[in-house]
Structure formats: C-alpha cells, structure tokens
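Here's the letter readout for the chains.
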Amino acid sequence: PTKLIIDTDPGVDDAFAIALAALSDEVDLLGVTSVYGNVPLAATTINARRVLALCGRDDVPVAAGAQRPLVHRHPNEARYVHGADGLSGRSHALPEPSRPLDERDAVTLMADLLAASDEPVTIAPIGPLTNIAALLAAHPAAAEKIARIVIMGGALGHGNTTAAAEFNIWSDPEAAHRVLTGGEAPCVLVPMDLTYRCAVDAAWMTELGTSGPIGTALDALTPDYREHYRGALGWDGMVLHDAVAVAEAIRPGTLRTERVAVQVECSFGPGRGATYADRRLPALRAASAESETGAETEVAVDADLDQLRAQLLA
Ligand code: BDR
Ligand code: CA
C-alpha cells in the first residue's frame, strides 16, 4: 500500500478526499495534518478528526498546523463555498473523535512520520501549502523520505479565487513557490483545470447517498457546496478537487501528467497566486533565461473520467 500523509483544510471536497484514503485498502494512512484554509484552523482540525471518526479511523493521528500564511496577508477563507463551519453547517452531525488531537504540531508530526518510515511516503497537500513549505524549511532530511508531493492547486487557465489564481495557491503563494521550486521532492500539481473536468453529476451523488452509512453521511455535507457548484458549473454537479488529487496520490498514474516548468506569481497585483506553466515551443523556451522558465514539475492534464468517477465512489 501507498504510505500517505494528507495535509488538509476541510472543506467538503477535503472530506471526500480524506474518506477516499481512509477507506482504501491501497493506502497506509500514516497521519493527517490540518491547515487554515476554507475555514479557520480550529474548524478544519475538528472537521478532519470527525471525518476520520466517521470512517472508523481513530487510529490515524491528526496534528494541527499553520493558522496563517508564511509571509503575507491574513488567512483567506472560502465559507461562501463550504459553509460557515466548512462542511455545509453539518460538521456537528459527524461522530465525535475518540482519539485526542496529537500534541505535536503538523510539521513535527510529518517529520516524525517520515523519519520513522522505512519506505518513501507520499504527501497529499489539499489546502494552502504553508505546512509543507515549513516542513521542507525546518527538516531538510525529511525530503529524502518523500516519494511524491501530490498537490491540489493551481490554475493554468483562469482562477477561482481571483481571475488569475486558484484558492490553495492564492492563500499562500510564497509557500507554493517554495514547495514547487525548491527541488527537494518530486511534485505533481493537480490544477483546477483538470479537477473541473472531473466534476460529478446528480446521478453520482444519488449513488453515493444510497451506498451505505458513510456515503449517506458524506452526501449530507454537500448542500451548500453543491449549490455553489450548481452556479459555477451551470448544472447540478460538484467539483471534488481534492479527491481527484488524492486518487492520484493513492494510485500513481490515475491522472496523465506532463512535465512542465511552472512558476508561481508572488508579487502583489491582479496576478498574485497565478501558476504559469511554460508550454512554449522548446525553441522559444530555450531562448529564455533559466529564471524566466521556472522549475519543472509534473502537471496533471487528463484522466479517464469514467474510471476516476468510479474510483471516487468506491
Ligand atoms: C481548492 O480550494 C478549496 O476550497 C478546496 O477544498 C480545494 O482544495 C479548490 O480550489
Ligand atoms: Ca482543500
């Protein structure tokens, strides 16, 4: 099984992503770390613990991480997408966790889990990248144990938080820049361009809601989120961004990737948080200075959509 750590800001799609990993026999879920994001840290932390409790996974440690970005701004929020508590106002309906919150902070828990692992570990950051940047900065040796960092984030076309930027990258562009360009561990970026194409429809949600107690409980978290995406998509469906990235983290090759040079816009202005993928013709790229092309990373560009939707339901 894939050894996995999820770094998350639940968030409805985060809840689906956590459940996907927590219930998969292809995964050894070593730990879950929380970060501010869709809602403040206290809410994302309890949401992550409750989703694990729903899945009967109180064996998985949860540690709380950053409350705000590395350098600039107050934390961003997306209550208008996920509801005031991050789970459509239904967080309280989930079971209370029996396992206490880990006493370590998120970065220490990740570093300890990596140090203790005899195999490389995949990390799936599905919120702002603050904890991951802090891990790489504080624990250089930890990177040697990281198999891949599979990130939900970025927008190659238009953004969802600003015209240019996707939410997770916009929330902490400096952290995203650090992780994507540091070169310490291989990264896979799963941008919203692809996650939108993987949207699930009303029939999928009905199937989920009737699949058993866990599916019913997850479905109950979706009303606000589904309403938001009904507007964004123009049809009755939802975009499970984070679950798409975790599906790839669990089963490498689920998504088709291309090796592309990526840069993160960290200046202030309308482009802040944009991710630029350099897809110029090689001859034109070759003419640019290295600093203008960015660091190469895998970017997810395509998937077998039917197979993926089936995998998200399983
Ligand atoms: C990302 O932003 C958050 O609102 C979602 O949970 C996802 O991680 C999509 O842009
Ligand atoms: Ca998220």
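- In the annotation of an unreviewed UniProt entry, the protein chain is listed under the name Pyrimidine-specific ribonucleoside hydrolase and assigned to Prauserella rugosa.

Some thoughts on the overall build of the protein chain
Point 1. On a plain count of helices and strands, the protein chain comes out with 15 helices and 11 strands.
Point 2. Relative to its length of 314 residues, the protein chain is compact, with a C-alpha radius of gyration of 18 Å against a globular reference of 20 Å.

Things to note about the site of ligand 1
Point 1. As a structural note, the neighbourhood of ligand 1 is formed by 16 residues, with Gly11, Asp13, Ala78, Phe167 and His241 the closest of them.
Point 2. When contributions to the shell around ligand 1 are tallied by element, the ones reaching two or more residues are helix 1 (12–22), helix 6 (167–171) and helix 12 (241–250).
Point 3. In terms of residue class, the shell around ligand 1 is made up of six nonpolar, six polar and four charged.

Remarks on the pairing of strand 1 (residues 2–8)
Point 1. Within strand 1, six of the seven residues are buried, leaving the element largely enclosed by the surrounding structure.
Point 2. Note: strand 1 against strand 2 (residues 27–34), seven bridges, orientation parallel. Its bridge partner lying in strand 2, leucine 4 is registered against leucine 29.
Point 3. Taken together, strand 1, helix 1 and strand 2 constitute a β-α-β crossover, and its handedness is right-handed.

Digging into the pairing of strand 11 (residues 295–303)
Point 1. Examined bridge by bridge, strand 6 (residues 187–190) and strand 11 share two bridges and lie parallel to one another. Within strand 11, the position partnered with leucine 189 by the bridge is valine 299.
Point 2. Bridge count between strand 9 (residues 255–264) and strand 11: eight bridges; the pairing is antiparallel. Bridge pairing links arginine 259 to glutamate 298 in strand 11.

Some points on the environment of alanine 124
Point 1. Summarising the element assignment, alanine 124 is placed in strand 4 (residues 121–125).
Point 2. In sequence terms alanine 124 and threonine 8 are 116 residues apart; their C-alpha atoms lie 8.3 Å from each other.
Point 3. Apart from the residues lying within four places of it in its own chain, the contact partners of alanine 124 are Leu4, Ile6, Val150, Ala245, Val246 and Ala249.

Digging into the sheet that holds strand 10 (residues 275–278)
Point 1. Reading across from one edge, 3-2-1-4-5-6-11-9-10 is the order of the nine strands in this open sheet, with mixed pairing throughout. The open sheet has two free edges, formed respectively by strand 3 (62–64) and strand 10, since each of these has just one partner strand. When the angles between neighbouring strand axes are averaged without regard to direction, this sheet yields 30 degrees.
Point 2. Both strand 5 (residues 146–152) and strand 6 contribute to a ladder of four bridges, which runs parallel. Across the sheet, residue methionine 152 finds its bridge partner in strand 6, namely valine 190.
Point 3. Along the sheet, helix 1 contacts strand 1 and strand 2; its crossing angle with strand 1, the most-contacted strand, is approximately 160 degrees.

Digging into helix 2 (residues 41–54)
Point 1. For helix 2, spanning 14 residues, the distance from its first C-alpha to its last is 20 Å, which sits close to the expected 20 Å at 1.5 Å a residue.
Point 2. Counting buried positions along helix 2 gives 11 out of 14 residues, so the element sits mostly inside the fold.
Point 3. Taken together, the buried positions of helix 2 are Ala43, Thr44, Thr45, Ile46, Asn47, Ala48, Arg49, Arg50, Val51, Leu52 and Leu54.
Point 4. Here the buried face of helix 2 lies against strand 1, helix 1, strand 2, strand 3 and helix 10 (213–219).
Point 5. Count one or two residues on from helix 2 and you reach glycine 56, which has phi positive near 70 degrees.

A closer look at unusual backbone geometry
Point 1. Proline 10 connects to glycine 11 through a cis peptide bond whose omega is -5 degrees.
Point 2. One non-glycine residue, serine 88, lies in the positive phi region at around 55 degrees.
Point 3. Here serine 88 shows up in the loop between helix 3 (79–82) and helix 4 (106–116).

A look at the packing of helix 5 (residues 130–138) against helix 7 (residues 173–181)
Point 1. Axis separation between helix 5 and helix 7 bottoms out at 8 Å; the angle between their running directions is 50 degrees. It follows from the interaxial angle that helix 5 and helix 7 lie oblique. The element helix 5 and its partner helix 7 pack so that their crossing is left-handed. Residues Thr130, Ile132, Ala133 and Leu136 of helix 5 lie in contact with helix 7, whose contacting residues are Ala175, Arg178 and Val179.

A few points about helix 5
Point 1. Most of helix 5 sits inside the fold, with seven of its nine residues counted as buried.
Point 2. Packed against the buried residues of helix 5 are strand 1, strand 2, helix 4, strand 4, strand 5 and helix 7.

Some points on the confidence of the model for the protein chain
Point 1. In the predicted model, the protein chain carries a mean pLDDT of 94, and the fraction of residues at 70 or more is 99%.
Point 2. Here the complex is predicted with pTM 0.96, and the ipTM for its interfaces comes to 0.99.

Observations regarding the environment of threonine 293
Point 1. Mapping threonine 293 onto the fold places it in helix 14 (residues 290–293).
Point 2. On a C-alpha basis, the gap between threonine 293 and aspartate 278 in space is 6.4 Å, while along the polypeptide they are 15 residues apart.
Point 3. Ignoring sequence-local partners within four residues, the contact set of threonine 293 consists of Ala261, Asp278, Arg285 and Ser288.

Thresholds applied
- Residues numbered from 1 in each chain as written.
- Chains lettered and ligands numbered in written order.
- Predicted model: local features only at pLDDT ≥ 70, side-chain atom pairs only at ≥ 80, totals over all residues.
- Helix = DSSP H or I, 4+ residues; strand = E, 2+ residues; numbered from the N terminus.
- Rg over C-alpha atoms; globule rule 2.2 N^0.38 Å.
- Near = placed C-beta within 6 Å.
- Nonpolar A, V, L, I, M, F, W, Y, C, P; charged D, E, K, R; others polar.
- Buried ≥ 20, exposed ≤ 12 C-beta atoms within 10 Å, placed from the backbone.
- Pairing = 2+ DSSP bridges.
- Right-handed = clockwise from strand over helix to strand, strands pointing away.
- Contact = placed C-beta atoms within 7 Å.
- Axes fitted to C-alpha atoms, helices over the stretch in contact; angles between N-to-C directions.
- Expected span 1.5 Å × (residues − 1).
- Parallel < 35°, antiparallel > 145°, perpendicular 65-115°, else oblique.
- Left-handed = near helix turned anticlockwise from the far one by under 90°.
- pLDDT = per-residue confidence, 0-100.

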